[in-house]
Amino acid sequence: RRARRILPAATLVLVATMAYSAQVVSVSQVQRLRDDATWSALFAANIHFAELGTDYFAQGHAPSPFQHYWSLAVEEQFYLVWPALLATVVLLLRRRSRGSRTVVSGLLLVVIVASLTWSVWSTSTAPGPAYYSSPGRAWELAVGALLAVQRPRTAALSRRTRTWFSSAGLVAIAFAAIAYEAGSLFPGWRALLPVLGTAAIVAAGAGGTSTVNRGLGSWPLARLGDLSYSLYLWHWPFLVLGPTHPGLPSGLTGTLVLVLLTLVASFLTFHLVENPFRRGGLFRSARRALVLWPVALGLVLVAVDQSEQWATTKLEARLAGNGIAVLPEPMAPGPRHQKSHQPPTSPTLVERMTEALEAVDSADPVPFPLVNLADPTRGSLLGEDCRADPPEASTDVCPLGADRARRTMVVLGDSQAGQWLPAIDRLAERRGIRVLPLVKLGCPPFDVPVVDGGGADFWQCTTFRDWAHAYIARERPELVVIASEATSTRLRPAPGLSLDATWTGGVENTLQRLA
């Protein structure tokens, strides 16, 4: 029954999203999505994204349209372990007609305490992997199982108690939705509020009703609840890939369009995919239903392979110049130009920067043909000995660019600066310039307070900045290129200032130190 419920719609979204991605994103993105979709089809997306979360450079990638499949993976993994554990308990208690409910409840409490303890600890030490952790999320599902086991008791709650439970639960969920922000470490202890709030509402509706439960059970919300699984599947692909469509309006209007499209897709999926597979007779038998998973996996593997091939073919066609505009050649001098004895003037740096910024703001596609780097890995992310990892406050400097050079430039910043190094290395080698990369992961080069991944003061970053400025003062380069992520959730405002004012002041202070 669960296979009929979960697999068809999940497979449809995976296949459709890969097909659309092949049309609108780059080949490299399609290749990343290929892995994301495959792990999602294997119901191991949480393991995959946890591994990516441990890789710092994955944070520079755009969100995956399959990232929400992690929670479906956690749920299915729980349902693999929990029935076996429950069956073992039932077999041990098969001769006892009394007390089995109490024993199962006790077992669930043990799971809840152990899992929650692990979640709190891992969230404080490694928040990225902890977010996707099955052991760290098991307690949330175990709370629901405990409610099911204790339904006779929750059904006997008085009307006053049900009202209090449902009201408190709704307030808890609302508070979490409003108070928690992108920088809040989650799940950990913060997950208690929405989980227990939801549990309180469910318990309040087990044996009766209340004002809150009647409101949540109204016809519009009940119909929305019918679509909840399809909404869960479709909402993230639309929000991630929708903005790439050139016809989407900007701002709030575009967001409303994406929400409407998500509702339409969910409605169609519920009626044309979910219900026919759940209620149809073709997969009623358990044996036929078990065939659904290998069939679904096969469809996804074919879809990712074909999507990658299609995206590659499109790129090759663009590189060949088939219907793609390229940069216009310089205009040949006409008679008017021939009469002039003035040498052509090169644009100033300000003019070139202005032209580049205008090109970026225009959102026009990058002109083809592009030239691939012979070795795109050289200098791009540097070796471990040539960069400062988060725990380090200095690094060995590994020069790039020309081997023999009279001019020197420094590249200072976080991993965003590291991403510029392949292009800078290529240009510097042509121009006879030595490049000194001073890169520390997760550390903006500007004088702005920042915390580490666990929320503590990132003192290594402050120390690295001082070290870098001292190094630059010794080397006295002709140019310093600064690059940094400006929207990190780990930036903090200085006392008495807004974050914008802190950022502005930090940039000014840094530039004055380098002047």
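What this report covers is the structure whose coordinates are included nearby.

### Structural notes on the state of the cysteines
- For the structure on display, the rule yields two disulfides.
- Here cysteine 386 is linked by a disulfide to cysteine 398, with a sulfur-sulfur distance of 1.9 Å. Between cysteine 386 and cysteine 398 the disulfide shows an S-S torsion of about -75°. By sign, it is left-handed. Residue cysteine 386 is located in the loop between helix 18 (349-362) and strand 1 (400-401), and its partner cysteine 398 is located in the loop between helix 18 and strand 1; the two are separated by twelve residues in the primary sequence.
- The class of cysteine 398 is partly exposed, set by a relative accessible area of 23%.
- Each sulfur of the disulfide joining cysteine 443 and cysteine 461 lies 2.0 Å from the other.

### Re the pairing of strand 3 (residues 433-439)
- Of all seven residues making up strand 3, six are buried, and the element is well covered by its neighbours.
- Here strand 1 runs beside strand 3; their pairing, made up of two bridges, is antiparallel. In the sheet register, leucine 400 faces strand 3, and the bridge partner there is valine 435.
- Pairing geometry for strand 2 (residues 407-413) and strand 3, over seven bridges, is parallel. What sits directly across from leucine 412, in strand 3, is leucine 438.

### As for the packing of helix 7 (residues 134-149) against helix 10 (residues 192-204)
- Orientation of helix 7 relative to helix 10, taken along the N-to-C sense of each, is 15°, at an axis distance of 10 Å. Considering their axes alone, helix 7 and helix 10 lie roughly parallel with respect to each other. As for how helix 7 packs across helix 10, the hand of that crossing is right-handed. For the pair helix 7 and helix 10, the contacting residues are Trp139, Glu140, Val143 and Leu147 in the first and Leu192, Val195, Ala199, Val202 and Ala203 in the second.

### A word on the sheet that holds strand 3
- Strand order in the open sheet formed by four strands is 1-3-2-4, and the pairing between neighbours is mixed. Because the sheet does not close on itself, it has two edges, and the strands there are strand 1 and strand 4 (479-483).
- Running at roughly 170° to strand 3, helix 19 (residues 415-431) makes contact with strand 1, strand 2, strand 3 and strand 4 of the sheet.

### Overview of helix 9 (residues 159-179)
- For helix 9, which comprises 21 residues, the first-to-last C-alpha distance of 30 Å matches the rise-based estimate of 30 Å (1.5 Å per residue) to within 8%.
- Along helix 9, the positions that sit buried rather than exposed are Arg162, Ser166, Gly169, Ala172 and Ala176. Along the axis of helix 9, the buried positions cluster into a sector of 130°, meaning they face one direction only. Those residues of helix 9 that are exposed and aimed more than 90 degrees away from the buried face are Arg159, Arg160, Trp164, Val171, Phe175 and Ile178.
- Here the buried face of helix 9 lies against helix 10 and helix 11 (211-216).

### Notes on the pattern of salt bridges
- What the rule picks out here adds up to eight salt bridges.
- A salt bridge links arginine 5 to glutamate 274, with the shortest nitrogen-to-oxygen separation between them at 2.6 Å. With arginine 5 in helix 1 (residues 2-24) and glutamate 274 in helix 14 (residues 251-279), this pair connects stretches of sequence that are 269 residues apart.
- When salt bridges that share partners are traced, they join Arg34, Asp35 and Glu308 into one network.

### Focus on a positive patch on the surface
- Residues Arg352, Arg407, Arg426, Arg430 and Arg431 make up a contiguous surface patch of positive charge.
- Along the polypeptide, arginine 426 turns up in helix 19.

### Focus on the packing of helix 4 (residues 69-92) against helix 5 (residues 100-125)
- Where helix 4 meets helix 5, the closest approach of the two axes is 11 Å, and the angle between their N-to-C directions is 140°. Judged on the interaxial angle alone, helix 5 and helix 4 are oblique. Between helix 4 and helix 5 lies a crossing whose hand is right-handed. Packed against helix 4, whose contacting residues are Trp82, Leu85, Leu86 and Val89, the element helix 5 presents Val103, Val104, Leu107 and Leu108 at the interface.
- A class-by-class count of the residues in the contact of helix 4 with helix 5 yields eight nonpolar, no polar and no charged.

Definitions and limits used
- Residues numbered from 1 in each chain as written.
- Predicted model: local features only at pLDDT ≥ 70, side-chain atom pairs only at ≥ 80, totals over all residues.
- Heavy atoms only, no water.
- Disulfide = S-S within 2.5 Å.
- Helix = DSSP H or I, 4+ residues; strand = E, 2+ residues; numbered from the N terminus.
- Buried < 20%, exposed > 50% of the residue type's maximum accessible area, 1.4 Å probe, protein only.
- Pairing = 2+ DSSP bridges.
- Axes fitted to C-alpha atoms, helices over the stretch in contact; angles between N-to-C directions.
- Parallel < 35°, antiparallel > 145°, perpendicular 65-115°, else oblique.
- Left-handed = near helix turned anticlockwise from the far one by under 90°.
- Contact = heavy atoms within 4.5 Å.
- Expected span 1.5 Å × (residues − 1).
- Arc of directions from axis to C-beta.
- Salt bridge = Lys/Arg side-chain N within 4 Å of Asp/Glu carboxyl O.
- Patch = residues over 30% accessible without salt bridge, like charges linked within 9 Å, V, L, I, M, F, W, Y side chains within 5 Å.
- Areas by Shrake-Rupley, 256 points an atom, 1.4 Å probe, with all protein chains shown as cover.
- Lys, Arg positive; Asp, Glu negative; His and termini not counted.
- Charge placed at Lys NZ, Arg CZ, Asp CG, Glu CD.
- Nonpolar A, V, L, I, M, F, W, Y, C, P; charged D, E, K, R; others polar.

Treat this as a map of the structure, not an account of what it does.
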